[in-house]
Structures are given as C-alpha cells and as structure tokens.
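Structure at a glance
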Amino acid sequence: MPVSTKNRFLLLYGSQTGQAKAISEEIAEKAEKFNLIADLHCLSQTEKKFNIEREHCVVIVTSTTGDGEPPDTAQKFVRRLKKKTLPSNHLENLNYALLGLGDSNYTNFCNNGKTIDRQLEQLGAKRFYESGWADDAVGLEIAAEPWMEGLFPAIQKFLSVDINSTCYDSTETSCRTNQSESNENGCSLHETTINQMENGHDKGDSQENRLESKSMPGLHSYESSPALLSPNGITKPVFSLDSNCDKTSEVTSSKLNSITNVNNLSSSSSHLGKSDSNTGTDNVDCNTHINRTNSSTLITKSKLNLNQNELQTSDKEGGCQPSLTTSLPPLSESSVSVPVLSAAYLKLEYLNDETVNLNEIPLQNGCPMPSASSEITMARVTSSSVLTKEEAVKKTLCLRLNIQKKMIEYLPGDSISVVVENDENEVKALLKRLSILKCVDTTCSLTVIEGTKKKNASVPSHIPPLCTLRHIFTTCIDIREPPKKALFRALVEYTSDQGQKRRIQELCSKQGAADYTQFVRQPSLSLMDILNAFPSCIPPVERLLEHLPRLQPRPYSVCSSPLVNPGIIEIVFNIVNIPVGEGRSYHRNGICTGMLDRITKNVQTKEVAWEGSADDLSNTLEKLNINDYIQVPIFTRTNQHFHMSDDLSIPIIMVGPGTGVAPFVGFLRHRQALKTDMSDPELYGNTWLFYGCRHEKRDYIYRKELEDFLSTGILSHLCVCFSRDNQLQKSPQYVQDNIRNNSTELSTLIMEKNATVFVCGDAKNMAKDVNEAFISVIQSYKECTAEEAKRELMKMRLHKRYLEDVWT
Ligand SMILES: Cc1cc2nc3c(=O)[nH]c(=O)nc-3n(C[C@H](O)[C@H](O)[C@H](O)COP(=O)(O)O)c2cc1C
C-alpha cells in the first residue's frame, strides 16, 4: 500500500559521536512497519533541508556534549530556538516528541535535550508524547527502547493514521496485522517470539527475516501494551524514563538495582573521556568488585579460539566465567521476544587481481572527525616519560608531541584528540576467529546489496569502499565496544549450536535486558569475547561491518603552554589496564592509552629519568634522533571552554586529582610565562590547587614542578592528599576533604573576590563530591540552606565561574 504524506513526520537528530544518529536511523527504519514515513535529517540541516516553523509533527533525538552543550551539529538549531525576539506562539503549530541522550555522571544530565524541550514548549509547541531521557551511564537502551516502542503508536494516533490498516512491508516481514489484535496479545508490533518460530511457524530461509513471523497469532504476551494514554492526551511511554535506576522499567528494576549498586563500570559506549573511554573498556575500574551470579555456566572456558601468542590470557582469572553463556532458568523455560532482524545491506567482494595503496587512503576514509576544529596533523613524539614508580597501581605516561610548523593552535585548558588504531594482535585474533585471516590483505570492495530492504543504505562513510579487511579492522571500526543488541540479533543467524543460539536470542530480547546489561555491558565485553563465549557463532564479516561502530578519536587535556614550549603539546594519561575476568576472555589495555604506550615502549624514559620539571625534559629523545618515525595523528577540538581569564587578578581554584592535574600544570606554566608581578594582589589573584593521588611515593606526578610553582608564588596554595597512605590516619583522604577544610578562605575568594573554580578528572565520583563540597563551602559562608547554596553554585556555572572538564 502506498503510504500517503499524511503519514509523514520529520525526524531530526543532533549527535556528536553517532549514537543519536543511530537511534534515529532505527526509528526511521521501524517507522515503515507502522505505515509511517520518517523524513530524517541532521539538526545541522536547519533551514536547508527542513524548517521547523513549517512542520506539524516532529521527533527529535539529541545528545549532550561538552559541559552540557549541544553537539556541534545542533548548535545553530539551538541558537535559533533561543532567539529572544521570537514570540511565545512562534511554534504553536508544532507538535513534537523528544528523546534526549546523556550520561548521568555529568552534572548537566541531558542538558541539551532539556534545553530544546523547554524552548519548544516556551515557543508554543506541544508534546504529543512524553519526552524521554536515555542515560549512557546505565545503557541508553534501558530508556530508549521503551520510549521508541511507545513512539510509533503515539505518532499513529496523532497523525490519525488508520491503525487498522497498518501494513507491514510485505516482502520484508510478510506480516499483516492490526493494532487491536496486537494489543490484545499485548505484543509489540515489531517483535516476535522465539518459541513461535521454534514451533515451526517461521523457518523461512531469508537471512534477513528468519525470525519474523508470517502472521502474528499466538504471540506470547508482554506485560503491557507499548504506550498508554495519559489523561492530558499526551501519550506516555510504558516505562519510566528517568535515568535513576530505581525508577527505571519495573520489568528490570530488581536486576538493574543490583547491577548499578555492584559497580560503576559502564558508560560503555559513549564516553570519550580523557583516556580512551569511548570504548567503555578504558572505563573499567579494575579494582571494582563485581558480584557474580551463582548460576552454573554452560561453557566454562570461553578462550577457546585465542592464540595464546597473540593475546595474553590468564587461566587464573579467566577460567571461571560468569553466566554470560548460561540461560537463566526462567528465561529458558519461557518464550522471549527478539527484535526484528535488520536488513542486510553490505556486499563484500575480494578483488584478487587488484592492489590498493593503503598509504594513500586518508584516515577513516577522510570522513570528518567528530568535534574537530582543525585538520588531522601527524605530530612527532619527542619524549615519552613514565611519571609513576614501578609499584604504582597505574602507570602514568607523559607524551610530548612536536607540532612545529603544523596548523595547531591551542590555549592552556584545551584538549586535543588522538586518532587511534586497534591493537594489531587483537585485530589478527578476531580475523582469525572469523576464519578470514587468509584474505585480510586482499583488496576488497564494499558495496550496497542491490535491492536491500535497508532504507537509505550506504557504505559507512568512515570505511573506504576499496581497501583491505585488515585496514578496516585496524583503523576504521571499534572492535572493543560491547556489541549492541542489533548485532546480537544478527549473530543469532550464524550460530549453529541450539543452546548458544538460544542464549544469544535471550541476550537481545526484551526479557534478557537485565542480563545484557549485567553480562555484556557492565564488564564491557568485546565482540571477540562474545565470539569466544559462543564458539558455534561464525558471522560473515560484512554483517559485522554493518553493525560495528566507528572507531572514535580520544580527547586529552593539554598540559603545556604555547608560551613556554611553542611547537610542543604535552599530554598525560594513565595506561588503562583491563584484566581477564567477568567474561573478558583476554587481557587488554585501553585502545588509545594502550596504543600510545605500545608505540613509545622502546623509547620511554625510565621513571627516575624524569622528576617532573619541564627543564628536566632536555633529555629528550629528539636529541637522540631515534624516534623520528613515531607519529601520532591529532587534531584540535571544538567547544573548548576550560580557559582561564586573561585577567590574572581573578583568583582561581583548581581541583585536579590524578591526571586531572594536567590542564592546571598548563595554567601554571602559562601564568609563569606571563611574568606578572605576583607580589601585587591587584595584579595577581590567589591560585589554589587541590591535588590528590594514591601514594605520595608512587604516583605524585609533577611534584617537583608544582612545588617550584609554590615556592615562586605562581601557586599560592598547594593542597595535596594521598588516599591510600592516609587510610589509618586522620589526614584528608580526598580533594573534597581538603576543600572542606579550607572552607573559610575558599568561600571568601568565591563570594567576595569573584574566584573561578576549575574541576578536572573523574566525573563519576570526584566531580560530584567536589560539587557537594563547594555547596557546603557556600552554605557555611552564607549561612543558608543547602538548596540556596546549590542555586548559588548553579549561578556560578551559568556565569562560567564553575567549570568542569570531566570524564567517566
Ligand atoms: C566529551 C563528552 C561530553 C559529554 N557531556 C555530557 C553532558 O554534559 N551531559 C550529559 O548528559 N551527557 C554528556 N555526555 C554523554 C553523551 O551525551 C552520551 O554519551 C550520548 O549517548 C552521546 O550521543 P552521541 O553519540 O549521539 O553524541 C558527554 C559525552 C562526551 C563524550
């Protein structure tokens, strides 16, 4: 049945690293099955491809980046909505639904989505479906899936699409039903159950649709219909969309609570953070204890196909796997509803006679890098120094990169992004596991399958259409990111063992949501871990390329000053170490920190060779001229806000434990170079630094330099604490303790001298605790309630006097 334009809605996304875009594409694809047409655009296309003033029904999916800011692509759209001259009925004809993506580890959770939501409302637009807030800290899907499930009936209702004539694409699903029928059965329209297929209802051979039913009768029931109508006419999603786990879906709440209490590992997909964290793998705090379930395992050894020489595994830790591969009794005895298999769309061909010069292919096929404000530059490593002692829990590395004659400009406090590559051994092991090791260096071409059912299908723009599989797997795609449910769904098709197949089905099913979170997302399992756990699963490589996300660059705070070391950028980071265990079947380091450690291994100066001052670095490897070939692709980033004022009389309070001290080393070097008269408080305001590490003798980085700053007056106060040295003593353990201990002086600086507070480091615990500490500092000064103090701090944030540069 042709779909009339009455069924059209505008679908907009604002995305920095691709997740909001992927969710929008999923909405667009699913919309067809509901007899709806999504007109999909990026928010950057405002006034070019769409004009919101002329629209009647709009769905917006948008993330938040930076410190509560819109993605680069959404900036113009947000600016337009915020124009002060717009009348309050400007968008009175507009009706909308909005899904905000964010990460609750950030203070301004989903701030951009919330801003757009508020602005639309203030301009007279009306919600036809309640806004949803998806939290990357616990898994976007926990809120995004139920929100999406309710979205389509809400649009149908709003557009008065005849739901009784809802028509599925006949060739794709051969499925014709009507809303009332499906609601009686309590089933989602776009899912079907495994039991039904196993009973022989649909054993169709089409790879794309094997699990889809020819007809819908007999579907196993869900607990509720997809969306409910609220008294005010706004359709409400079935599940609470609050980011708080205890308010999330009733169905999964008990498991979720235990998961989130158990550890704070996750944030997997999203978070770039300052060290690799986009994979999520670098976020794994290896010291965190994870509860294991007691259920027995179906497959106890999941390291089956790893070549021990290629990847380091540990019998001790890896021998006992958690129950990723075990069907939990209630699930295996009941039916589970798996999502529709997305249409295959990539075709891979090996061109044995053709050669391709990989050196000529631009990085990631020349596809623009997210958050880039400059071209990619190859920066030469001039030194690589280990700042920590051997016994330190984490190894900290300081890299100096030569950017002379390059188009790179920066200010202290800025971050640069590093373009990363996957570990060649990990790539090799994966390609071997996929049984394609022999052809990894053969030229191959990727094209779109003719007649694919995938809407707007194209070869991902970050993958060169003509190259080699090794090139793609090493430089273009993320092989660490925990596979998404859609990929699990695809893997079902290529798993021969029935028990394993069933478990994979469970993991992508609605009923298996908590298991997915616990066994895949929390321990940050990679595709390789999954394939090791399910040995009978052998997917074709082109199906994987349809699902694996783009390899994202990683941002790092610069700790140099262009005034002190023109032409040099210095960054400092911990090498993230991720042990075997909890389903992780091989040892790994963070993708980027591991890469930087690996490529500089042979030239790293011993810890004793460098005590911390910039001058000590005269022993650079540049002199030895042995590392000309070590180059790191970097670029500068947009949205930089973590800057000191030019007015040095404004006091600054810097809080940066661990490698969070990086930007402050840059600040202090910069201030020193400005050669201001520090004895005159009219010219040079107080400078406080709150620093902390585990052990004074093992990981106090930049110690000498910081103490020098203190003795010369560049730094007026240096407050240091050691969290593991002081456990038995009463001295302050964390930066927030020191902040509270200096409450009187700090509050005077903040309330009377207009001081700016800078916080850099871990968002999950530190930034929140520091925020609380400053609230109590303000409260004690003003003798007010905590609520009032909070508002005061909010005001400081608004006026850019409380700035955060944090990562999860
Ligand atoms: C550098 C960076 C900064 C972020 N800042 C925020 C923030 O201030 N508030 C928030 O709720 N989420 C924040 N996030 C989380 C993202 O919004 C979240 O991971 C989202 O899923 C990303 O979607 P996208 O890939 O479409 O951009 C940040 C993520 C990154 C990488």
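What counts, and at which threshold
Residues numbered from 1 in each chain as written. Predicted model: local features only at pLDDT ≥ 70, side-chain atom pairs only at ≥ 80, totals over all residues. Heavy atoms only, no water. Helix = DSSP H or I, 4+ residues; strand = E, 2+ residues; numbered from the N terminus. UniProt positions renumbered as here; feature names shortened; annotations may be inferred. Domains from an automatic or database assignment. Buried area = accessible area lost by both parts, 1.4 Å probe. Salt bridge = Lys/Arg side-chain N within 4 Å of Asp/Glu carboxyl O. Polar contact = N/O pair within 3.5 Å; in protein donor to acceptor, adjacent residues only side chain to side chain. Nonpolar A, V, L, I, M, F, W, Y, C, P; charged D, E, K, R; others polar. Pairing = 2+ DSSP bridges. Axes fitted to C-alpha atoms, helices over the stretch in contact; angles between N-to-C directions. Contact = heavy atoms within 4.5 Å.

Now for unusual backbone geometry. Despite not being glycine, Tyr702 shows a phi value in the positive range, around 60°. Counting through the fold element by element, Tyr702 comes out in the loop between α21 (696-699) and α22 (703-712). The backbone of Asn754 sits at a positive phi, close to 65°, despite the residue not being glycine. Following the sequence through the fold, Asn754 ends up in the loop between α24 (743-752) and β25 (756-762).

Here the UniProt feature "domain: Flavodoxin-like" (unreviewed entry) sits at residues 9-152. The span residues 9-152 carries 31% helix and 23% strand; its end-to-end C-alpha distance comes to 11 Å.

When cut into domains, the chain gives domain 1 (8-173 + 213-236) and domain 2 (641-808). Summed over both partners, the interface of domain 1 with domain 2 buries about 780 Å², with 42% contributed by carbon and sulfur atoms. Where domain 1 meets domain 2, there are 0 salt bridges. Here domain 1 and domain 2 share 3 residue pairs in polar contact (both at pLDDT 80 or more) between them. A breakdown of the residues in the side of domain 1 that touches domain 2 according to their chemical character gives 1 nonpolar, 3 polar and 3 charged.

Our focus in this paragraph is the sheet that holds strand β13 (residues 396-402). Ordered in space as β17-β14-β21-β12-β13-β18, the 6 strands form an open sheet in which the pairing is antiparallel. Each end of this open sheet is capped by a strand with a single partner; those strands are β17 (554-557) and β18 (568-574). Taking each pair of neighbouring strands and ignoring which way they run, the sheet shows an average axis angle of 40°. Summarising the sheet, strand β14 (residues 415-418) and strand β21 (residues 631-636) pair through 3 bridges and their orientation is antiparallel. Along β21, the bridge assignment pairs Ile416 with Thr636. Contacting β12 (377-386), β13, β14, β17, β18 and β21, helix α18 (residues 591-600) crosses the sheet at an angle of about 70° to β13.

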